[in-house]
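Summary of the model geometry
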Amino acid sequence: AQKVTQAQTEISVVEKEDVTLDCVYETRDTTYYLFWYKQPPSGELVFLIRRNSFDEQNEISGRYSWNFQKSTSSFNFTITASQVVDSAVYFCALSEATSGTYKYIFGTGTRLKVLA
Amino acid sequence: DAGITQSPRHKVTETGTPVTLRCHQTENHRYMYWYRQDPGHGLRLIHYSYGVKDTDKGEVSDGYSVSRSKTEDFLLTLESATSSQTSVYFCAISERQGGNREKLFFGSGTQLSVL
């Protein structure tokens, strides 16, 4: 069965600090996708990144970087030099590609507060 | 932005009344989903559809039913609303084509309050 665990419920950092959001997943499928979504205070859900299970390269996009490790079933998200605008709830999600379930399963989210 | 419209955006209703939420898409995506968001629980899948008249249950389907008679519309019905169904409901769509087109697009959400 699919499962996504985001153990950090809430994190507070001071602006310019680096912060890492953890995501651990469970799946029996060999082909799957992992995602991160951002939900700012306005409430919309914004897609940040997708990773497929065959691509373990880490990715960097500006101040954001993602570390995908199949060996530990983790897909962690790091924000470098955090800013107040990064304050949001961040969700990690998993979708199995070949199990035929068509589901996207989300973690419980991590609320990030960046203090000025 | 993906063409997804949820209606209504806000609704207040009384316990025991039926409620229907509508999700309308203009993207012709095959897959549609209903999630609810609650503090401490994140986004939980209620029901999803993988085609017209093809639906299946998610993690928290009790008390909810869905229908999809057209590609563009996915309806979520609370047959007899309860206070535990007070939540924010999000509709999402996906092509599930794999590769760079594999992702969920979300609607703006419906805030439902059951008194």
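These numbers were taken from a predicted model, which means no experiment stands behind them. (Residues numbered from 1 in each chain as written. Chains lettered and ligands numbered in written order. Predicted model: local features only at pLDDT ≥ 70, side-chain atom pairs only at ≥ 80, totals over all residues. Heavy atoms only, no water.)

The extent of an interface is frequently quoted as the accessible surface area lost upon association of the parts. With 20 residues of chain A at the interface, the matching set in chain B holds 24 residues. Each partner contributes to the roughly 1900 Å² buried at the junction of chain A and chain B, and carbon and sulfur atoms together form 56% of this total. Counting every contact that joins chain A to chain B gives 0 salt bridges. Inspection of the region where chain A meets chain B yields 4 residue pairs in polar contact (both at pLDDT 80 or more). The element that contributes the greatest number of residues to the side of chain A that touches chain B is strand β5 (residues 32-39) of chain A, accounting for 4 residues. The residue inventory of the side of chain A that touches chain B, partitioned by class, reads 11 nonpolar, 6 polar and 3 charged. (Contact = heavy atoms within 4.5 Å. Buried area = accessible area lost by both parts, 1.4 Å probe. Salt bridge = Lys/Arg side-chain N within 4 Å of Asp/Glu carboxyl O. Polar contact = N/O pair within 3.5 Å; in protein donor to acceptor, adjacent residues only side chain to side chain. Helix = DSSP H or I, 4+ residues; strand = E, 2+ residues; numbered from the N terminus. Nonpolar A, V, L, I, M, F, W, Y, C, P; charged D, E, K, R; others polar.)

With that out of the way, let us pick up the confidence of the model for chain A. Reading fine detail from the predicted coordinates is not recommended where pLDDT is low. Averaged over every residue, the pLDDT of chain A is 93; residues scoring 70 or more account for 98%. Mean pLDDT per element in chain A: strand β7 (residues 59-61) of chain A is the minimum at 87, and strand β3 (residues 19-21) of chain A is the maximum at 98. (pLDDT = per-residue confidence, 0-100.)

Let's shift gears to the nonpolar core. Generally speaking, a soluble globular protein has its nonpolar side chains buried in company with each other. In terms of nonpolar packing, the biggest core is built from 23 residues, with W36, F77, Y90 and L112 of chain A touching the most fellow members. With 4 residues, the top contributor of residues to this core is strand β10 (residues 88-96) of chain A. If you look at the next biggest cluster of nonpolar residues, it comprises 19 residues, including Y37 of chain A together with Y33, Y35 and Y48 of chain B. (Core = buried A, V, L, I, M, F, W, Y, C linked by side-chain atoms within 4.5 Å. Buried < 20%, exposed > 50% of the residue type's maximum accessible area, 1.4 Å probe, protein only.)

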